[in-house]
Structures are given as C-alpha cells and as structure tokens.
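Observations on the model geometry
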Amino acid sequence: MKKTILLLLSIIPFISMEAQDKKELPGDTSLPSTSEELAKVAALDKGTYKYSIEDYFSKPKQSQFKFSPDGKYFSYREKDEKGKKHLYVQNTETQETVKVLAEGEELIRGYGWINDKRLIYVKDQGGDENYQLFGIDLDGSNQKSLTPFDGVKVNILNSLPEQDDFMIIQMNKNNPQIFEPYKINVNTGEMDQLFENTDVANPIAGYDFDKDGNLRAYTQQSNFTDYILYYRENEKAEFQEVVKTNWKENFGIMGFDYNSENKNAAYVLTNRDGNTNEIILYDLKERKTIKKVYSNNQYDISGMSRSRERGYELDYFYYTGEKSHIVPVSDYYKKLHKIFTDKFGDMEYSITNSTKKEDKYLIYVGSDKFYGAYYLYDAIKNEFKKLMDLMPQLKEEDMAEMRPIKFKSRDGLTIHGYLTVPKKASKKNKVPLILNPHGGPYGVRDYWGFNSEAQLFASRGYATLQVNYRGSGGYGKEFFLAGNKQIGRKMLNDLEDAVAYVKKMDWINEDKVAVYGGSYGGLATLGSLVKTPDLYTCGVDYVGVSNLFTFFEAFPPYWKPFLGQVYEQWYNPESEEDQKIMKEVSPALNVDKITKPLFVIQGANDPRVNIHESDQMVENLRKRKFDVPYMVKYNEGHGFGHEDNRIELYKTMMGFFAKHLK
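Calculation notes
- Residues numbered from 1 in each chain as written.
- Predicted model: local features only at pLDDT ≥ 70, side-chain atom pairs only at ≥ 80, totals over all residues.
- Heavy atoms only, no water.
- Helix = DSSP H or I, 4+ residues; strand = E, 2+ residues; numbered from the N terminus.
- Buried < 20%, exposed > 50% of the residue type's maximum accessible area, 1.4 Å probe, protein only.
- Contact = heavy atoms within 4.5 Å.
- Areas by Shrake-Rupley, 256 points an atom, 1.4 Å probe, with all protein chains shown as cover.
- Lys, Arg positive; Asp, Glu negative; His and termini not counted.
- Charge placed at Lys NZ, Arg CZ, Asp CG, Glu CD.
- Phe/Tyr/Trp six-rings, centres within 6.5 Å; stacked < 30°, edge-to-face > 60°.
- Salt bridge = Lys/Arg side-chain N within 4 Å of Asp/Glu carboxyl O.
- Pairing = 2+ DSSP bridges.
- Axes fitted to C-alpha atoms, helices over the stretch in contact; angles between N-to-C directions.
- Parallel < 35°, antiparallel > 145°, perpendicular 65-115°, else oblique.
- Left-handed = near helix turned anticlockwise from the far one by under 90°.
- Nonpolar A, V, L, I, M, F, W, Y, C, P; charged D, E, K, R; others polar.
- Core = buried A, V, L, I, M, F, W, Y, C linked by side-chain atoms within 4.5 Å.
- Expected span 1.5 Å × (residues − 1).
- pLDDT = per-residue confidence, 0-100.
- Polar contact = N/O pair within 3.5 Å; in protein donor to acceptor, adjacent residues only side chain to side chain.

Looking only at helices and strands, one finds twelve helices and 35 strands in the protein chain. When its C-alpha atoms are laid out on the principal axes, the protein chain stretches across 70 × 60 × 55 Å. A buried classification covers 58% of the 662 residues belonging to the protein chain. Across the protein chain, the fraction of contacts at a sequence separation of at least 24, relative to all contacts at a separation of at least 6, is 56%. Just so you have it, the protein chain exposes about 27600 Å², and 45% of that area is on carbon and sulfur atoms. Separation of charge centres in the protein chain, based on 89 positive and 96 negative side chains, amounts to 5 Å.

Right, dumping it as structure tokens:
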C-alpha cells in the first residue's frame with residue numbers, strides 16, 4: 001500500500017468523467033478552445049497515410065476475455081457502433097451467447113467472475129474515482145449495487161476462492177482518509193467489518209489475508225514515513241511487530257506458504273538486504289529469513305505465480321529488464337512454458353486467465369510491432385485456438401521497431417529507454433523526434449511492446465524516445481532513490497541527456513525535437529520548456545501538473561496520509577529551502593521562460609491533477625500573448641476514456657505536430 005503514492009501521477013487510461021450541469025462546470029470555462037478552433041489545428045495534418053487515427057485508437061471490437069471458474073462459460077466485452085463496451089457471456093458447449101450487461105453513460109471500469117454463476121463489476125459516479133462494486137448473474141438477472149455509498153472508494157483485496165459467495169474489499173466508508181476491510185456477500189451485499197482502522201495519525205496502509213479470509217498481518221504507518229508490519233499466528237493471538245521499514249525500503253507479504261509445515265512462513269518481496277527487490281521465504285513469528293527464493297542483481301523481481309489446483313506449487317517468477325522475462329520453476333510449468341514459446345516464438349506472452357482446474361488457459365500474445373491477440377489453450381488436448389486479433393487492421397509488417405537503448409547520464413548513471421524508429425528514417429531522410437516522458441514519476445517505467453502512440457507518430461514520420469529516468473521503477477533501490485527531490489532538476493537532465501544521445505544517430509533532425517507527456521509526463525513537458533527552451537521545438541501537456549503548491553493543496557483525502565513521503569520524495573512546502581526549489585520548478589510560476597508553442601489537454605473533473613493546474617498555465621501564457629490551443633473535455637478525468645475524445649485528441653495533436661515539426 002505504501003507504494004500507492006508513487007503512482008499518483010500515472011495516467012489512468014480508462015478513467016472518465018460524466019457530463020455535469022453547465023452551471024457547475026469546473027475550471028474557467030472561458031479558457032478552453034472551441035471545437036472549431038481545435039478542428040483548424042487538426043486540419044493542419046494534411047498527409048495521406050495508410051492508417052488513420054481511428055486505426056490506432058479505436059477500442060478493439062472484443063476484449064477482456066475471461067473463463068468462469070468451472071470453464072463452462074466464457075465472458076468478454078464487445079463494442080457497439082456508439083463505442084460502448086457491453087458485457088457478454090457465452091456457453092462454451094452450446095455457444096449460446098447472452099448480453100449480460102449494457103454499458104451506459106458511465107463506463108464499466110472492470111469486471112470478473114466471483115463464482116460459477118455470478119460476476120462482479122466496478123463503476124464510479126461522475127468520474128470521481130470512488131469506485132462502487134456491483135454484482136450480476138451470468139444471465140443478466142439479480143443485478144445489485146453491493147456498495148451504494150456516495151463518496152466512498154472500494155478496492156478489492158481477496159476473492160476467497162474457497163467461499164464462492166464472498167470476497168474481501170476495503171473502503172474508506174468511516175473516514176475518507178483511511179481504508180478498512182470488509183467481508184461482503186456478493187449476492188446480497190451484506191457485509192461484516194473485519195478490522196478497525198481508527199488511528200488517523202498512524203493509519204493502517206495495507207492488510208494481508210490468507211486464502212481462507214483470515215487477517216494474518218497488516219502494515220501500519222508511523223511518523224508519516226515509516227511502516228511497521230504486524231503479524232499474528234491465528235485469530236485468537238495478538239498482533240506482534242515483525243519489522244519496521246521506511247518508504248525507501250520494501251518488505252511486503254506476497255502470500256503465505258501453504259506447502260510448509262511452518263504455518264508462519266510467507267513469501268516476501270523485499271529490498272532490505274540488497275539493491276533490487278528479491279523474493280524470500282520468511283518466518284513471521286521468528287522474524288528471520290528462511291531462505292532466499294529468487295533475485296536478479298540488475299532488475300527488481302516483479303512477482304511469482306503459484307498453482308492453486310496443484311496445492312499452491314510455485315510455477316514461475318517474472319520480472320522486466322529490457323523486455324519481460326518469465327522464469328519457470330515447477331516441472332509442470334517448464335513444460336507449459338516450452339509449449340508456449342515454441343508456439344509464439346519471439347512474441348511476449350502472458351496468461352491472463354485460467355479455469356479453476358487449470359485445464360484451459362487464456363493467453364495474450366504481443367510484440368513491439370503486433371498489438372496483440374488472444375489464444376485459448378486446452379491443456380488436456382494440447383490444442384490452441386486463436387480467439388481474436390485485437391487490432392487486425394494494423395499489419396505487423398507496416399509497424400515500426402521499438403529498440404531498447406541505454407546510455408550514461410552526465411553524472412554517471414546508466415539510463416535505459418526505448419526508441420521507436422520510423423521505417424523511412426535514414427541519413428538522407430532525417431526525421432523529427434518526439435520525447436515522451438512517462439508518468440509517475442516514482443516507481444513507474446516504460447516497457448517494450450506495442451505502443452499505439454509511438455506507432456502513430458512513426459507512421460507520420462516522427463521517432464519516439466521514451467526514457468526511464470532516475471526514480472523510475474524496476475532498476476533497483478539506488479536508481480529509484482536517485483530521483484529523490486529531483487523533479488524539475490536531474491530528472492530533466494536525464495531527458496536532455498537522452499535527446500543528446502539520440503541526436504548522435506545520423507537519421508534524427510536535430511532542429512525538430514518535441515516533448516510530450518501525460519500526468520507527471522505533462523509536468524516534465526512543461527518543465528523542459530522552461531528549463532531548456534532552445535532544445536525543443538514545441539510541447540504537448542496532457543493532464544500535467546504546473547504548480548507544485550496548488551497541486552499539493554488539491555490532494556484527495558485518501559492521499560493525505562502519504563504527505564510525509566511526498567514531502568521527502570518530492571518537495572516540502574513547509575521548508576524554506578524546498579519552497580525556493582518548488583518555485584523554480586513549477587512551470588506556471590515561470591511562464592516567462594517559455595518561448596516555444598504549447599498544446600494543453602485536460603479532463604475537467606480530474607481528481608488527481610485538478611483542472612486549475614492546466615487553467616493557470618494557459619491563462620498565464622495567454623497573458624503573454626501566446627496562442628495556446630487548450631482542449632478540455634467535461635466528461636473526462638485523469639486520461640481520456642471515451643473513444644471519441646481520444647481520437648479527437650490525437651487528431652488535434654497530429655495537426656499541432658505537423659505545424660511545428662514538418
């Protein structure tokens with residue numbers, strides 16, 4: 001749970017906000033550009049291309065495939081002509097298909113099977129990210145709001161596979177700043193609170209339940225930046241302190257070891273004893289490491305997978321280096337892994353779902369040039385069936401290559417990233433470059449694989465540079481902490497050094513470099529235009545922070561307990577020294593240094609980055625007579641979720657780039 005704040009400025013791809021009464025529209029409604037003004041910008045992209053914007057950003061016709069636990073039914077989302085993604089269930093024997101749930105004005109954020117007869121799904125109200133839980137039977141009957149509480153956010157903790165009608169959730173129902181666990185009946189909505197979280201000054205930040213739904217451990221905050229793990233052997237025992245860490249270290253229970261006679265043994269993901277996250281087997285009662293299970297000296301281990309059907313046998317570990325890696329462990333999975341790799345070759349695969357008996361698997365397959373496809377694998381028959389190409393209109397042979405890169409920063413750090421190269425790039429045909437910093441900023445990173453933005457840019461003749469700057473996740477504790485208090489400073493140096501590295505390649509047009517990012521990437525975009533205005537030709541800011549002072553003030557209540565970490569990791573507005581830095585790195589307070597064109601995009605009801613962040617940026621620049629196209633969608637939040645809005649966004653962005661990069 002303590003890592004939650006690290007993700008606070010990552011784009012949430014399908015978060016959307018519903019239209020509000022015009023009298024209550026957020027922000028300064030006089031600032032957004034009109035649809036006619038934005039259409040004129042979009043029209044500046046006059047090229048004739050093989051693939052349209054829609055080809056890259058229309059939602060797949062079908063997606064989100066899942067088996068019922070018993071494998072008798074198969075569910076999926078299917079898009080209609082209006083872009084709504086409804087939920088369907090198909091009988092795997094008769095092929096009879098039922099439309100279980102119609103998506104309305106508010107988007108269905110996610111869904112899953114809770115047992116063989118019933119599904120759950122989540123939505124929010126008006127896009128406030130206060131997700132509510134709903135249940136519905138596989139024939140579309142018995143639809144019920146399970147958590148009908150206004151202003152309350154629900155997170156799913158445990159599915160309780162041994163108790164078909166129950167699951168464990170957490171809600172901030174009693175206090176908007178803190179979350180407490182509940183066991184809920186998915187048919188009736190009846191629930192029991194399992195533990196109280198009443199110390200607002202030192203709240204519980206995470207709960208660890210075993211497979212039977214017993215609360216075995218919890219992690220409590222202390223002094224705003226420290227974390228104490230408490231454990232008990234059983235429900236009759238008292239909780240005892242196990243280990244104390246701070247936000248700079250990881251020590252989290254991944255799951256209890258059900259194969260051991262030692263009932264206090266648990267798999268733990270930690271970096272306390274080294275630089276990278278490793279998996280250890282730990283005795284929570286004796287407070288000692290039983291053995292080290294798996295580690296990599298360069299990259300953080302992401303996790304592991306166990307087989308419930310085979311008594312929680314450990315199947316594989318996984319982590320991400322330049323690409324994703326799966327490390328088979330069990331004899332069963334070694335055979336399965338060979339079958340999959342023989343079938344899919346150099347493609348990356350992942351198991352997205354399986355039946356309870358693990359006799360059928362849903363497999364997603366993709367690469368940097370292939371958007372992806374779903375396959376059904378029947379383990380009994382050893383047969384594959386291709387279910388769907390998600391984007392069949394995009395031909396692999398036409399897509400651009402994404403190349404892993406690495407270089408040394410000016411102060412000696414090894415920085416990794418990815419460069420997507422247009423097919424036509426050459427010494428004789430140098431192409432513009434779009435620098436695309438990721439969100440986060442802390443603990444997040446870019447990955448190798450199909451990227452719709454990078455492929456769109458390549459199709460229009462632009463190279464895309466993605467940089468895992470200091471503070472990004474996956475590269476170990478030292479690299480992560482190197483980003484501490486470096487927003488607007490060394491983090492931007494890393495981006496500049498990446499551009500310098502790529503410029504050495506003969507096919508980059510050094511005079512045509514744009515910077516574009518979303519969320520924290522938007523802050524990095526604005527900061528880059530302030531810090532090194534001569535380096536960039538133009539910039540695009542998508543739901544980005546512009547003023548650290550106002551950003552901190554607008555935090556939602558459930559982020560308040562993490563302010564101590566934010567002040568140590570970002571900047572502390574109560575420190576005179578940090579106040580000075582915050583003023584220097586807040587772009588809205590330094591618009592006089594911006595000299596290059598800027599396009600700003602904002603979801604009006606964004607609970608993470610308030611619309612005032614974009615409003616003040618646009619207002620301050622227009623006072624200096626800057627022409628700033630400003631797209632605001634009043635049914636969106638932190639990232640555009642509606643298909644029509646996303647397509648309009650990229651059409652306008654392509655027109656903006658065409659004007660300034662071609």
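This is not the end of the story, as more comes after the structure.
Scanning the model with the defined rule gives 49 aromatic pairs in all. Residues Phe-57 and Tyr-650 carry aromatic rings whose centres are separated by 3.8 Å and whose planes lie at 10° to one another, so their mutual orientation is stacked. Remark: Tyr-650 occurs in helix 12 (residues 643-661) and Phe-57 occurs in helix 2 (residues 53-57); sequence separation between them is 593 residues. Given the relative accessible area of 8%, Phe-57 is considered buried.

So, about the pattern of salt bridges. This structure, assessed with the given rule, holds 27 salt bridges. Ionic pairing is found between Lys-651 and Glu-54, a salt bridge with its closest N-O pair at 2.8 Å. Of this pair, Lys-651 sits in helix 12 while Glu-54 sits in helix 2, and the two are 597 residues apart along the sequence. The partner of Glu-358 in a salt bridge is Arg-310, with the nearest N and O atoms 3.5 Å apart. Placement of the pair is Glu-358 in the loop between strand 24 (348-354) and strand 25 (360-366) and Arg-310 in the loop between strand 21 (301-307) and strand 22 (313-320), with a sequence separation of 48 residues. Accessibility expressed as a relative area gives 25% for Arg-310, which makes it partly exposed.

Next up on the list: the side chain of Asn-645. Mapped onto the elements, Asn-645 comes out in helix 12. A relative accessible area of 5% means that Asn-645 is categorised as buried. Those residues in contact with Asn-645 that lie beyond four places of it in its chain are Lys-633, Asn-635, Glu-636 and Phe-640.

Strand residues, when the strand is regular, have side chains that alternate between the two faces of the sheet. With six of six residues buried, strand 26 (residues 373-378) lies mostly within the body of the structure. Because side chains alternate across strand 26, one face comprises the buried residues Ala-373, Tyr-375 and Tyr-377, and the other comprises Tyr-374, Leu-376 and Asp-378, equally buried. Bridging between strand 25 and strand 26 involves six bridges; their strand directions are antiparallel. Opposite Leu-362, over in strand 26, you have Leu-376 as the bridge partner.

Before going further, it helps to examine the sheet that holds strand 10 (residues 166-171). The sheet built from four strands is open, its strands ordered 9-10-11-12 with antiparallel pairing. Of all the strands in the sheet, just strand 9 (154-158) and strand 12 (191-193) have a single pairing partner and so form its edges. Going across the sheet, the axis of each strand differs from the next one's by a mean of 35°, ignoring polarity. Strand direction decides the pairing type here: strand 9 and strand 10, joined by four bridges, are antiparallel. For Val-154, the partnering residue across the bridge sits in strand 10 and is Met-171.

A few words now on the packing of helix 4 (residues 452-459) against helix 12. Relative orientation of the contacting elements helix 4 and helix 12 amounts to 40°, with a least axis distance of 12 Å. Here helix 4 is positioned oblique relative to helix 12, judged by the angle of their axes. The element helix 4 and its partner helix 12 pack so that their crossing is right-handed. The segment helix 4 lies against helix 12, with Glu-453, Leu-456 and Phe-457 engaging Tyr-650, Met-653, Met-654 and Phe-657. Across the contact of helix 4 with helix 12, the residue classes break down as six nonpolar, no polar and one charged.

What follows is about the nonpolar core. Core analysis: the largest hydrophobic core is formed by 83 residues, its most contacted members being Leu-433, Leu-465, Val-467 and Trp-570. The residues contacting Leu-465, other than those within four sequence positions of it, are Ile-405, Tyr-418, Leu-419, Leu-433, Ile-434, Leu-435, Asn-436, Ala-498, Val-499 and Val-502. Listed in part, the 33 residues of the second largest apolar core include Leu-394, Leu-456, Val-543 and Ile-601.

Axis separation between helix 6 (residues 490-503) and helix 7 (residues 520-531) bottoms out at 10 Å; the angle between their running directions is 80°. Here helix 6 is positioned roughly perpendicular relative to helix 7, judged by the angle of their axes. Contact with helix 6, carried on its side by Met-491, Leu-492, Asn-493, Leu-495 and Glu-496, involves Tyr-520, Ala-524, Gly-527, Ser-528 and Lys-531 of helix 7 and no other residues of that element. Split into classes, the residues belonging to the contact of helix 6 with helix 7 amount to five nonpolar, three polar and two charged.

The end-to-end C-alpha distance of helix 11 (residues 611-622) is 17 Å, a good match for the 16 Å that twelve residues give at a rise of 1.5 Å each. By the burial criterion, the buried members of helix 11 are Ile-611, Glu-613, Ser-614, Asp-615, Gln-616, Met-617, Val-618 and Leu-621. Residues of helix 11 that are buried make contact with helix 7, strand 33 (538-542), helix 8 (548-553), strand 34 (598-603) and strand 35 (630-633).

This part is about the sheet that holds strand 1 (residues 62-67). Strand order in the open sheet made by the four strands is 1-2-3-4, with antiparallel pairing throughout. Two strands close off the open sheet at either side, each with one partner strand: strand 1 and strand 4 (97-101). Across this sheet, the average inter-strand angle for adjacent strands is 25°, counted without regard to direction. Where strand 1 meets strand 2 (residues 73-79), four bridges bridge the pair, whose relative direction is antiparallel. Counted as the bridge partner of Phe-67 is Phe-74 from strand 2.

Taken residue by residue, the protein chain gives an average pLDDT of 94. The fraction at 70 or more is 96%. Scored below 50 in pLDDT, residues 12-23 shows 53 contacts in the model against residues more than four places distant or in partner chains.

Turning our attention to the side chain of Gln-616. Mapped onto the fold, Gln-616 is located in helix 11. Exposure remark for Gln-616: the relative accessible area of 9% places this residue in the buried category. Within the structure, Gln-616 has its side chain in polar contact with the side chain of Asn-547 (distance 3.2 Å). Other than its neighbours up to four places away in sequence, Gln-616 contacts Ser-546, Asn-547, Thr-550 and Ala-588.

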